[in-house]
Amino acid sequence: KVALENSEPVAKHNAYLASPVDESSHLHNFVEVLKGLTMLRSFLQLSIRNLFRKNRLFTAINISGLAIGLTSLFLIALFIYDEYSFDTYHRNADRIHRVVVDFKEEGNTINWARTSAPIGRYLTGAYPEVEEVVRLRKNTGTDLLSRDEIKFYEEKLFFADSTLFNVFDFSLSSGNPAKALTDKNSIVITEALAKKYFASEDPIGKTLRLNNLIDLKITGILNEIPTNSHFVADAFITFSSLDESLGEKRLTHWGWMDHYTYVLLTKGSTPQQLEAKFPDLIKRNAPEWVSEKENLYLQPLKSIHLHSDLKDEITSNSHEGYSYILGTIALFILLMACVNFVNLSTATLTTRFKEISIQKILGAGKLHLTIYFWIESIMICTIALMTAFILTSLILPYFNLTAGKQLSIAGSLWLVAPALLVTMLIG
């Protein structure tokens, strides 16, 4: 009885296929399309009846397993995509490199992420391969910023050359990037910092006091730096302000490794061309002992987050191995869900032999049955996909807390097309 009920739509469809059609008529193609749509409607009715009436438990188990597998895949895909997107938003990211140092001392070699201040100064305008140079410095620990009685210790204050905005694509919502860091004792701050010290007041032109030593004039409001950066700043202070706090001697000493130096290469230049000239730079400008102890080389900006583990990195970097491990785990979970899906689907076939046999008797061919079962699989996978997106949205805030990320589904629309492709392949 069940087999006959499930086969009734197919019988009607096959009877419809047998109806005479005037092939010379211009309506022939239209009729063929209608026949195809009728077949699909019949198979859809059969699939819904089978999945949600006859085999509800089977359907629920399959959807749950696939949804969990897809959710794991989506979360880890978002994580891996973010890991490989670090610093790629800069338009000239491929031409930006960080100068790093191998320092030899007493038979040991220290691999420094930082360099001495003179290196950046002497690189500027020295070679045709160098378009721009910017130096950054971050004091150890925190710095005290104050405005009258409002005082906070800040962790993300950087000193920077006026060329900062020529090298990196950091933007200002207020102020002129070309002039923001040219005057001594000037500072650009984020909107969050502006609200912290000035509430609703316009901070431009006002001052903040640094470590109870220097008054800094606010010359710009910095737009929030993307989190997929190997360093994130709340404020940039003009580099010349260091004269008062550090003194000229330290800023000209080749042995103080406390600055980060970035170089924007000219178009067509290669890192190897500039690296070959570093010995000449040291020989012409540095004391004799420097050439014996220091070896400079360039590190691509986009490789820092995943491939750099030098002494005194600005922030702790990640490792590419994490992405491989997590990706393998996600694929294994999805594979197990697919195996479970196949096993359950195969197991239920034994209860459907009569239905399949009657469909064959009524005229259903191999292609019809293939389409029928394919529609069932795609329906299960589509529902699992929608469930997975809902689960991903719900779990993502907790995942971000664990991973230290700020991932979001809304900002990752690129995921939709691969997700649909994976779902079709599983089906």
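Residues numbered from 1 in each chain as written. Predicted model: local features only at pLDDT ≥ 70, side-chain atom pairs only at ≥ 80, totals over all residues. Heavy atoms only, no water.

**Q** Can you help me understand the environment of His253 in this one?
**A** In this structure, His253 sits in the loop between α8 (248–251) and β12 (260–265). Polar side-chain contacts of His253 include one of 2.8 Å to the backbone nitrogen of Gly255. (Helix = DSSP H or I, 4+ residues; strand = E, 2+ residues; numbered from the N terminus. Polar contact = N/O pair within 3.5 Å; in protein donor to acceptor, adjacent residues only side chain to side chain.)

**Q** What is the right way to look at the state of the cysteines in this model?
**A** Each disulfide consists of one covalent bond between the sulfur atoms belonging to two cysteines. The final tally for this structure, using the stated rule, is zero disulfides. Unpaired in this structure, Cys381 has its nearest cysteine sulfur neighbour in Cys338, at a distance of 7.5 Å. (Disulfide = S-S within 2.5 Å.)

**Q** Looking at this model, I keep getting lost on the nonpolar core. Mind explaining?
**A** As a rule of thumb, nonpolar side chains are buried together in soluble globular proteins. Counting 29 residues, the largest nonpolar core has Leu164, Phe168, Phe236 and Tyr262 as the members making the most contacts within it. Mapped by element, the contributors of at least two residues to this core are β1 (96–105), β3 (130–137), β6 (157–160), α5 (164–167) and β12. Those residues in contact with Phe236, other than ones at most four positions away along the chain, are Leu136, Phe158, Ala160, Leu164, Phe170, Leu181, Ser186, Ile187, Val188, Leu222, Ile225 and Phe231. Residues Ile76, Phe79, Ala384 and Phe399 belong to the second largest nonpolar core, which totals 26 residues. (Core = buried A, V, L, I, M, F, W, Y, C linked by side-chain atoms within 4.5 Å. Buried < 20%, exposed > 50% of the residue type's maximum accessible area, 1.4 Å probe, protein only. Contact = heavy atoms within 4.5 Å.)

**Q** What's the story with the confidence of the model for the protein chain in this structure? I'm lost.
**A** Fine structural detail should not be taken from predicted coordinates in areas where pLDDT scores are low. In the predicted model, the protein chain carries a mean pLDDT of 86, and 85% of its residues have values of at least 70. Taking the mean pLDDT of every element in the protein chain, the minimum, 51, falls on helix α1 (residues 2–17) and the maximum, 97, on β12. (pLDDT = per-residue confidence, 0-100.)

**Q** What exactly am I supposed to notice about the packing of aromatic side chains here?
**A** The geometry of an aromatic ring pair comes down to the distance between the two centres and the angle between the two planes. For the structure shown, the criterion picks out 13 aromatic pairs. Taken together, a centroid distance of 5.2 Å and an interplanar angle of 75° make the contact between Phe168 and Tyr262 edge-to-face. Separated by 94 residues along the polypeptide, Phe168 in the loop between α5 and β7 (172–174) and Tyr262 in strand β12 bring together distant segments of the chain. The exposure class assigned to Phe168 is buried, which follows from its relative accessible area of 1%. (Phe/Tyr/Trp six-rings, centres within 6.5 Å; stacked < 30°, edge-to-face > 60°.)

**Q** What exactly am I supposed to notice about the pairing of strand β5 (residues 150–154) here?
**A** As a general feature of sheets, a regular strand has side chains that alternate between the two faces. Where strand β4 (residues 143–147) and β5 come together, five bridges link them in antiparallel fashion. By the bridge assignment for β5, Leu144 is matched with Tyr153. Counting the residues between successive antiparallel strands, the hairpin from β4 to β5 contains two residues, one of them, Asp148, with a positive phi of roughly 60°. (Pairing = 2+ DSSP bridges.)

**Q** Got a minute to help me understand the packing of helix α15 (residues 366–403) against helix α16 (residues 416–426) in this structure?
**A** Two packed helices can be described by the angle between their axes and the distance between those axes. It is the contact of α15 with α16, at a shortest axis distance of 9 Å, that shows an interaxial angle of 145°. For the pair α15 and α16, the sense of crossing is right-handed. Across from Ile378, Cys381, Thr382, Leu385 and Phe389 in α15, the residues of α16 making contact are Ala419, Leu420, Thr423, Met424 and Ile426. Grouping the constituent residues of the contact of α15 with α16 by class yields eight nonpolar, two polar and no charged. (Axes fitted to C-alpha atoms, helices over the stretch in contact; angles between N-to-C directions. Left-handed = near helix turned anticlockwise from the far one by under 90°. Nonpolar A, V, L, I, M, F, W, Y, C, P; charged D, E, K, R; others polar.)

**Q** So what exactly am I meant to see when it comes to the pattern of salt bridges here?
**A** Once the charged atoms of two side chains with opposite charge are near each other, the side chains can pair. According to the stated counting rule, one finds 14 salt bridges in the structure shown. Here Asp94 and Lys302 are joined by a salt bridge, their closest N and O atoms 2.6 Å apart. Here Asp94, found in the loop between α3 (56–84) and β1, pairs with Lys302, found in the loop between β13 (294–300) and α12 (304–307); they are 208 residues apart in sequence, far enough to count as distant. The shortest N-O distance in the salt bridge between Asp312 and Arg114 comes to 2.8 Å. Highlighted residues: Asp312 in the loop between α12 and α13 (320–349) and Arg114 in the loop between β2 (108–112) and α4 (117–123), separated in sequence by 198 residues. Residue class for Arg114 comes out buried when judged on its relative accessible area of 14%. Each of Asp82, Glu83 and Lys405 takes part in a single network of salt bridges with overlapping partners. (Salt bridge = Lys/Arg side-chain N within 4 Å of Asp/Glu carboxyl O.)

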